[in-house]
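Reading the structure
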Amino acid sequence: MKEETKLIQNILSDPLTGAISTPIYQTSTYVQEAPGVHKGFDYTRTNNPTRKILEDLITHLEYGYASLAFSSGLASVDAILKLLESGSEIVAVDDIYGGTFRLLNLYKKLGINTKFVDTTDAKKTISTISNKTKLVWLESPTNPTLKVSDIEYISKESKKKNSDILVVVDNTFASPVIQNPLKLGSDIVVHSATKYLAGHSDVLAGLITVKNTDLYEKLKYIQNATGGVLSPIDSWLTIRGSQTLYLRIKKQSQNAFQIASFLNKKRNSEIDQVFYPGLSNHKNHFIAVKQQRYFGGIVSFSLKKNTIESAKKVVTSTKIFKLAESLGGTKSLICHPATMTHKSTPTEVRINAGIQNSLIRLSIGIENVEDLIKDIDQALKSLSSQ
């Protein structure tokens, strides 16, 4: 079966009733025949039938061994970091999601330090690894400057340097439709399923997919011990949303390419830089072509007038694009990372990672692309009134 068919067909009808829609098992506990004798479910923090259907679904999509569903993307990240012990070191992408950066700072207090590196320089990334490094953390594409790292090379060379190193890829921006990091050699894939997988801006969810039994058992223990599980209703919402994943990603990628091309033509006027892996002048374009099927629905750009005030003028002047956190939904969103998603990142760290004061991030929806371009164009023209 083709991927689109597998996605739909792996959401099985209910064997008990024949219901074509996945049932919501809204229960906290389950009747047992005898102590420890049950149908695979004893308490919903440990296992839930609706959550298991979602976990099995993402396992198929990411070509993994097994998956775990959490109450948010950051709850998933937190569970992975709990695999480490004090004294461990992480090598992480410098242009990292602000929430993950904040969480890594918390773990620094527990003796787990992070070295940040531009992972688009694969050889530099490998040279940064020391005998203390236990985790290599990649985002590809990154949030929000859309850097693309060579997952296959970094995964392979990391293992050569230290076979115990775990390579984690945050695949949120790509989704399983665009790339499959486990097939490229990584050990763990993490998603903020809040974004593209659920796809309708109505749920918080996190997903982890692993490649072997050992990792699954360790993370399952952590999940059960700490309790950050996804609820039955949120599991159902994510299952329902994911059924249109291929349709949405294709449309959003098509729209994004046209919008990026439009912005690229304005680089001699209001625009300074445009960040989109689908553009031939993107510095990681050829790596993106190698490991991605599409180029995704996120476009970022910076302004000639590199000030926070100029960026705020643009993001508050759109009519179709709504000013909001998050991304990946059907509605187009606009965001100013410096004062929103990456506000907690120190200014110097943020700018060194390429997140300039005027950087604006677009999450492209499924609206008509001509309407979206007109909306951006009129917002850019508002700069002339400053």
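Higher on the page you've got the structure.
Residues numbered from 1 in each chain as written. Predicted model: local features only at pLDDT ≥ 70, side-chain atom pairs only at ≥ 80, totals over all residues. Heavy atoms only, no water.

Topic: the sheet that holds strand β5 (residues 166-170)
Taken in spatial order, the seven strands line up as β1-β7-β6-β5-β4-β2-β3 in an open sheet, and their pairing is mixed. Either end of the sheet is taken by a strand with one partner, and the two such strands are β1 (66-70) and β3 (113-117). Between one strand axis and the next, the sheet turns by 20° as a mean value, whatever way the strands run. Looking at chain direction, strand β2 (residues 89-93) and β3 are connected through five bridges and run parallel. Each residue of the ladder has a partner; that of Ala92, found in β3, is Phe116. The strands touched by helix α2 (residues 49-62) are β1, β6 (188-192) and β7 (206-210); relative to β1, the strand with the most contacts, the crossing angle is about 130°. Those strands touched by helix α8 (residues 213-226) are β1, β5, β6 and β7, and its axis lies near 20° from that of β1. (Pairing = 2+ DSSP bridges. Helix = DSSP H or I, 4+ residues; strand = E, 2+ residues; numbered from the N terminus. Axes fitted to C-alpha atoms, helices over the stretch in contact; angles between N-to-C directions. Contact = heavy atoms within 4.5 Å.)

Focus on the packing of helix α10 (residues 245-265) against helix α14 (residues 369-381)
Describing two packed helices takes the angle between their axes plus the distance from one axis to the other. Two elements in contact, α10 and α14, have axes separated by 10 Å at closest approach and are oriented at 30°. For the pair α10 and α14, the sense of crossing is right-handed. Contacts between α10 and α14 involve Asn255, Gln258, Ile259, Phe262 and Leu263 from the former and Val369, Leu372, Ile373, Ile376, Asp377 and Leu380 from the latter. Along the lines of polarity and charge, the residues of the contact of α10 with α14 split into eight nonpolar, two polar and one charged. (Left-handed = near helix turned anticlockwise from the far one by under 90°. Nonpolar A, V, L, I, M, F, W, Y, C, P; charged D, E, K, R; others polar.)

What about unusual backbone geometry?
In this structure, the amide linkage connecting Ser140 to the following residue, Pro141, adopts the cis form with an omega of -5°. For the peptide bond that leads from Asn143 to Pro144, omega is 10°, which places it in the cis range. Along the chain, Pro144 turns up in the loop between β4 (133-139) and α6 (151-161). If you check the backbone angles, Leu146 has positive phi at about 60° while not being a glycine. Looking at the secondary structure, you find Leu146 in the loop between β4 and α6. Leu146 gets classed as buried once you look at its relative accessible area, which sits at 2%. (Buried < 20%, exposed > 50% of the residue type's maximum accessible area, 1.4 Å probe, protein only.)

Describing the environment of Glu348
You can see Glu348 is positioned in helix α13 (residues 347-352). Judged by relative accessible area, which is 62%, Glu348 ranks as exposed. Note: C-alpha distance between Glu348 and Ile259 (89 residues apart in sequence) is 30 Å.

Quick word on the pairing of β1
Counting buried residues in β1 gives five out of five residues, a clear majority hidden from the surface. Every second residue of β1 is oriented toward a common face, with Ala66, Leu68 and Phe70 on one face and Ser67 and Ala69 on the other, all of them buried. As paired elements, β1 and β7 share five bridges and run antiparallel to each other. Counterpart to Ala66 in the pairing with β7 is Val210.

Overview of the pattern of salt bridges
Per the counting criterion, the structure on display carries 17 salt bridges. The salt bridge partner of Asp118 is Lys283, with a shortest N-O separation of 3.6 Å. Of this pair, Asp118 sits in the loop between β3 and α5 (122-128) while Lys283 sits in the loop between β8 (271-275) and α11 (285-291), and the two are 165 residues apart along the sequence. Here Asp214 ties to Lys218 by a salt bridge, and the two come within 3.3 Å at their closest N and O atoms. Of this pair, Asp214 and Lys218 are both found in helix α8, four residues apart, which corresponds to roughly one turn of the helix. For Asp214, a relative accessible area of 46% gives the class partly exposed. Taking relative accessible area as the criterion, Lys218 reaches 42% and is therefore assigned partly exposed. (Salt bridge = Lys/Arg side-chain N within 4 Å of Asp/Glu carboxyl O.)

So, the packing of aromatic side chains
In this description, an aromatic ring pair is defined by two values, namely the gap between the centres and the angle between the planes. Using the criterion set out here, one finds four aromatic pairs in the structure. Judged by centre distance (5.5 Å) and plane angle (35°), the rings of Phe101 and Phe116 are tilted. Of this pair, Phe101 sits in helix α4 (residues 98-108) while Phe116 sits in strand β3; the two residues are 15 residues apart in sequence, bridging distant segments of the chain. Relative accessible area serves as the criterion here: at 7%, Phe101 is assigned to the buried category. We classify Phe116 as partly exposed; its relative accessible area is 34%. (Phe/Tyr/Trp six-rings, centres within 6.5 Å; stacked < 30°, edge-to-face > 60°.)

Quick word on the environment of Val93
Tracing the backbone shows Val93 in strand β2. A sequence separation of 46 residues divides Val93 from Glu139, and the C-alpha atoms of the two residues are 6.7 Å apart. With near-sequence residues (within four places) excluded, Val93 lies in contact with Phe116, Val117, Thr119, Trp137, Leu138, Glu139 and Thr142.

A short note on the sheet that holds strand β9 (residues 298-303)
Within a sheet, neighbouring strands are paired by backbone hydrogen bonds and run either parallel or antiparallel to one another. Read across the open sheet, the five strands follow the order β8-β9-β12-β11-β10; overall the sheet is mixed. Both edges of this open sheet fall to β8 and β10 (322-323), since each of them pairs with a single strand only. Here β9 runs beside strand β12 (residues 360-363); their pairing, made up of four bridges, is antiparallel. Paired with Phe301 across the two strands is Ile360, which belongs to β12.

Structural measurements only, silent on function.
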